[in-house]
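# Summary of the model geometry
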Amino acid sequence: QVQLVESGGGLVQPGGSLRLSCAASGRSFVIYDMAWYRQAPGKQRLLVAGITSDDSTTYADFVKGRFTISRDNAKNTVYLEMNSLKPEDTAVYYCKFVVRQARRTDRQDIWGQGTQVTVSS
């Protein structure tokens, strides 16, 4: 079974930076797309950024120019570099991988447990 473990969240002042990481563990799987979502209290979970297996990226308008998504396939890890953080970036951030496990033909969405990011002075 594939599991995702996130790290890097915390409290940061407005204008500051954080780097989130999400690593996959398990046996015999292939990772396709990776993405970061976020969910603020009382609001819907929203796509923040995504990256495909050929490194094509997409960003939500509200983070363009401030956040950068990247991946390290050797480490089965996706990163989210967040700069110029604003109070409205406060949310729980979740990673999601699209994976295919060994001896299966279907692809599954696997989610991380979430990491809190709080932007406040």
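Residues numbered from 1 in each chain as written. Predicted model: local features only at pLDDT ≥ 70, side-chain atom pairs only at ≥ 80, totals over all residues. Heavy atoms only, no water.

### Re the packing of aromatic side chains
Heads up, the condition is: Any two of the Phe, Tyr and Trp rings considered here, Trp counted by its six-membered ring, make a pair once their centres fall within 6.5 Å; the pair's planes then place it as stacked at under 30 degrees, edge-to-face at over 60, or tilted in between. Charge-over-ring contacts are defined here by two conditions on Lys NZ or Arg CZ: a distance within 6 Å of the ring centre and an angle within 35 degrees of the ring normal.
Inspection of every chain in the model, using the stated rule, returns 1 aromatic pair. In this arrangement the basic side chain of Arg-19 is found over the ring face of Tyr-79, its NZ or CZ atom lying 4.1 Å from the centre.

### Here's the deal with the sheet that holds strand β7 (residues 67-72)
Note the cut-off: Being paired, for any two strands, means DSSP has found at least two bridges between them. Going along the chain from the N terminus, every DSSP run of H or I of four or more residues is numbered as a helix, and every run of E of two or more is numbered as a strand. Interaxial angle, 0 to 180 degrees, is taken between N-to-C directions of lines fitted to C-alpha atoms, where a helix line uses only the stretch in contact.
Ordered by their spatial adjacency, 4 strands build an open sheet running β1-β3-β8-β7, and the pairing between neighbours is antiparallel. Both outer strands of the open sheet, β1 (3-7) and β7, are each paired with one neighbouring strand and no more. Each strand axis lies, on average, 15 degrees off the axis of its neighbour in the sheet, ignoring direction. The pairing of β7 with strand β8 (residues 77-82) spans 6 bridges and is classified as antiparallel. What sits directly across from Asp-72, in β8, is Thr-77.

### Structural notes on the state of the cysteines
Condition: Note on terminology: pairs of cysteine sulfur atoms within 2.5 Å are recorded as disulfides. Note on exposure labels: buried denotes an accessible area under 20% of the residue type's maximum, exposed denotes more than 50%, and partly exposed covers the range between, all computed with a 1.4 Å probe on protein chains only.
The full count for this structure, using the stated rule, is 1 disulfide. Through a disulfide, Cys-22 is tied to Cys-95; the S-S separation comes to 2.0 Å. Between Cys-22 and Cys-95 the sulfur-sulfur dihedral comes to about 55 degrees; the bridge is accordingly right-handed. Of this pair, Cys-22 sits in strand β3 (residues 18-25) while Cys-95 sits in strand β9 (residues 91-101), placing them 73 residues apart in sequence. On the basis of relative accessibility, which here comes to 0%, the residue Cys-22 falls in the buried class.

### Here's the deal with unusual backbone geometry
Backbone geometry at Asn-76 places phi at a positive 50 degrees, although glycine is not the residue there. Note that Asn-76 resides in the loop between β7 and β8. Given the relative accessible area of 25%, Asn-76 is considered partly exposed. Positioned with a positive phi, Arg-103 is a non-glycine residue whose angle comes to about 65 degrees. Mapped onto the fold, Arg-103 is located in the loop between β9 and β10 (108-111). For Arg-103, a relative accessible area of 85% gives the class exposed.

### So, the pairing of strand β5 (residues 45-51)
Here 6 bridges tie strand β4 (residues 29-39) to β5, and the two strands are oriented antiparallel to one another. Bridged to Tyr-37 within β5 is Leu-47. Note that β5 and strand β6 (residues 57-59) share 3 bridges and pair antiparallel. Among the inter-strand pairings, Ala-49 is bridged to a residue of β6, identified as Tyr-59. Joining the antiparallel neighbours β5 and β6 is a turn of 5 residues, in which Asp-55 adopts a positive phi near 70 degrees.

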